[in-house]
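Take a look at the letters that make up each chain.
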Amino acid sequence: MNMRNLNLLFLCVLVITACNESPNRQAVEHSDMEQVPKKDILVNTVLTADEQAKLSPADVIRILKEGNDEFVNDNLTVRNNSERVRDAAMGQYPKAVILSCLDSRVPVEDIFHRGIGDIFVARVAGNIVNPDILGSLEYACKVSGSKAVVVLGHEYCGAIKSAIDDVELGNITTLLAKIKPAVTEAANRYEGEKTSSNPEFVEEVCHHNIELGVQEIRDKSPILKEMEDNGEIVIVGAVYNMHTGKVDFFD
């Protein structure tokens, strides 16, 4: 077979392949587009610096609570994420920064019904505070203008249970040591069974761990403490209910 015939054969194969694949691909793409009606997609823009500056800390907490209510009631929307990714590429002005546990059952953006560019999320097992976390929180607020710091704990936290059980394993030991003060404080106040198998005691430790985290942020970050004193930000604790999806903010 000469070169001309080989080229013709190759061209025929390409045409046949394209004819076979294109309709299927178009059907898939069409199907994907039809899954969500265009009118049901929440089209909104990434927060700008001017819009962020107009928000008060109280406004931001209210927005987070409203978003959580939407999550709890399954009143969720499909956002124009592809467009938001492009819009946020050159800058970001999130409303808040959430210090959350590592736990995969706590999808932070989802539980507050926030989209790309809306919130910073710092995640670490047991939502503990350390120098790297403090630096991240300071960056979010002092540099990027976030108006709220939320220390978010949750029910049935594995890190909390491990701290109660005095688990020692590699670098986990050092991490759990930061939760120990909450275990001690809870044990001093709680009169029931003080073990990880008692959900009430675990919850008690969880709450103390959140409160101590909030206080540690104030004590160890003069930057954030000054911002809070000046009314520029609010630092608050909250706990996520695994059964309902509800976030309860501390007073």
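A brief structural summary. (Residues numbered from 1 in each chain as written. Predicted model: local features only at pLDDT ≥ 70, side-chain atom pairs only at ≥ 80, totals over all residues. Heavy atoms only, no water.)

## Focus on the nonpolar core
Part 1 of the reasoning: V149, I179, V205, I217 and L224 are the most contacted members of the largest nonpolar core, which has 39 residues in total.
Part 2 of the reasoning: At seven residues, the largest contribution of residues to this core is made by helix α10 (residues 199-220).
Part 3 of the reasoning: I179 has contacts with G126, I128, A159, I160, A163 and N209, leaving out every residue within four places of it along the chain.
Part 4 of the reasoning: Formed by 23 residues, the second largest nonpolar core is a distinct cluster that contains L55, I98, V106 and V150. (Core = buried A, V, L, I, M, F, W, Y, C linked by side-chain atoms within 4.5 Å. Buried < 20%, exposed > 50% of the residue type's maximum accessible area, 1.4 Å probe, protein only. Helix = DSSP H or I, 4+ residues; strand = E, 2+ residues; numbered from the N terminus. Contact = heavy atoms within 4.5 Å.)

## Section: helix α6 (residues 131-143)
Part 1 of the reasoning: Taking 1.5 Å of rise per residue, the 13 residues of α6 would be expected to cover 18 Å, and the 17 Å separating its terminal C-alpha atoms lies within 8% of that figure.
Part 2 of the reasoning: Within the span of α6, buried status applies to I133, L134, L137, E138, A140 and C141. The arc enclosing the buried residues of α6, seen along the axis, measures out at 165°, which places them on a common side. Facing away from the buried side of α6, by more than 90 degrees, are the exposed residues P131, D132 and V143.
Part 3 of the reasoning: Against β3 (96-100), β4 (119-123), β5 (148-154), α10 and α11 (222-229) lie the buried residues of α6.
Part 4 of the reasoning: One side-chain oxygen of the residue at the start of α6 lies 3.1 Å from the amide nitrogen of D132, identifying that residue as N130.
Part 5 of the reasoning: Where α6 ends, the next residue or the one after it, G145, has phi of about 85°, a positive value. (Expected span 1.5 Å × (residues − 1). Arc of directions from axis to C-beta. Polar contact = N/O pair within 3.5 Å; in protein donor to acceptor, adjacent residues only side chain to side chain.)

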